[in-house]
Amino acid sequence: AQKVTQAQTEISVVEKEDVTLDCVYETRDTTYYLFWYKQPPSGELVFLIRRNSFDEQNEISGRYSWNFQKSTSSFNFTITASQVVDSAVYFCALTIQGAQKLVFGQGTRLTINP
Amino acid sequence: DTAVSQTPKYLVTQMGNDKSIKCEQNLGHDTMYWYKQDSKKFLKIMFSYNNKELIINETVPNRFSPKSPDKAHLNLHINSLELGDSAVYFCASSQGREYEQYFGPGTRLTVT
């Protein structure tokens, strides 16, 4: 069975600080896909990134970056120079080849204070 | 313009009633899903459909019955509503099994 653990339930930082959200996953499959989603206070779920298990290259998109390490089964998400608009619940998710469902972590509530 | 839409956005009803939530996607995807988000924000798959065919029924009570009239629509009907059904229900779609899923705005169901 697949499992995703986001050990940080809540994080609170001051604006402009860098913050890293941790994600650890479990699967016995060799082909799998990892995702991050953002859920702002308005409630919708916004797709941020998808990464397959064969691509360990780190990804950067503006102030967002993702570090995928198969050796530690982690897919961490860093926000650089955080802004108040980054305040949201962030979910890490996993699917395996052919599964047709996402397994979500518990989510990390990130609060950016002005 | 909305990629995945759900109606209604809010649903307040009494125990024992029957209600439906509608979902439509205009992304041309052939895979659609229903997820439930509980009060602690935990998200769990309920159903997944591929080309109108049920693929996953994740031990959901029989009171929940999804219906997919075509690839662009996946509706959720709930019979005999219970207090524990109160949650936010999200519809989603994707272009394939391992691709990113795009979510609707959610339907907040409150059973009193």
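Everything below is about the structure printed above this text.
Scope of this entry: the structure provided in the associated data block.

Reading the values: the criteria
Residues numbered from 1 in each chain as written. Chains lettered and ligands numbered in written order. Predicted model: local features only at pLDDT ≥ 70, side-chain atom pairs only at ≥ 80, totals over all residues. Heavy atoms only, no water. Disulfide = S-S within 2.5 Å. Helix = DSSP H or I, 4+ residues; strand = E, 2+ residues; numbered from the N terminus. Buried < 20%, exposed > 50% of the residue type's maximum accessible area, 1.4 Å probe, protein only. Pairing = 2+ DSSP bridges. Axes fitted to C-alpha atoms, helices over the stretch in contact; angles between N-to-C directions. Salt bridge = Lys/Arg side-chain N within 4 Å of Asp/Glu carboxyl O.

As a further point, take the state of the cysteines. All names here are of chain B. Using the criterion set out here, one finds 2 disulfides over all chains in the structure. Residue pairing for C23: its cysteine sulfur links by disulfide to C91, the two sulfurs lying 1.8 Å apart. Here the S-S torsion is close to -75 degrees, and the disulfide linking C23 with C91 is therefore left-handed. With C23 in strand β3 (residues 19-25) and C91 in strand β9 (residues 87-94), this pair connects stretches of sequence that are 68 residues apart. Residue classification places C23 among the buried residues on the basis of a relative accessible area of 1%. With relative accessibility at 0%, the residue C91 sits in the buried group.

A word on the sheet that holds strand β7 (residues 64-70) of chain B. Residues and elements named next belong to chain B. Strand order in the open sheet made by the 4 strands is β1-β3-β8-β7, with antiparallel pairing throughout. Each edge of the open sheet is held by one strand with a lone partner, namely β1 (4-7) and β7. When strand polarity is set aside, the average angle formed by the axes of neighbouring strands in this sheet is 20 degrees.

With that out of the way, let us pick up the pattern of salt bridges. Per the counting criterion, the structure on display carries 6 salt bridges over all chains. Across the pair R51(A) and D55(A) runs a salt bridge whose closest N-O atoms are separated by 2.8 Å. Exposure remark for R51(A): the relative accessible area of 6% places this residue in the buried category. Looking at D55(A), the relative accessible area reads 25%, which means it is partly exposed. With a shortest N-O distance of 2.7 Å, K101(A) and E58(B) are connected by a salt bridge. With one member in each of two chains, K101(A) in the loop between β10 (88-96) and β11 (103-104) and E58(B) in the loop between β6 (53-57) and β7 form a pair that bridges those chains. Taking relative accessible area as the criterion, E58(B) reaches 23% and is therefore assigned partly exposed. One salt-bridge network, held together by shared partners, links R51(A), D55(A) and E59(A).

Geometry only, nothing functional implied.
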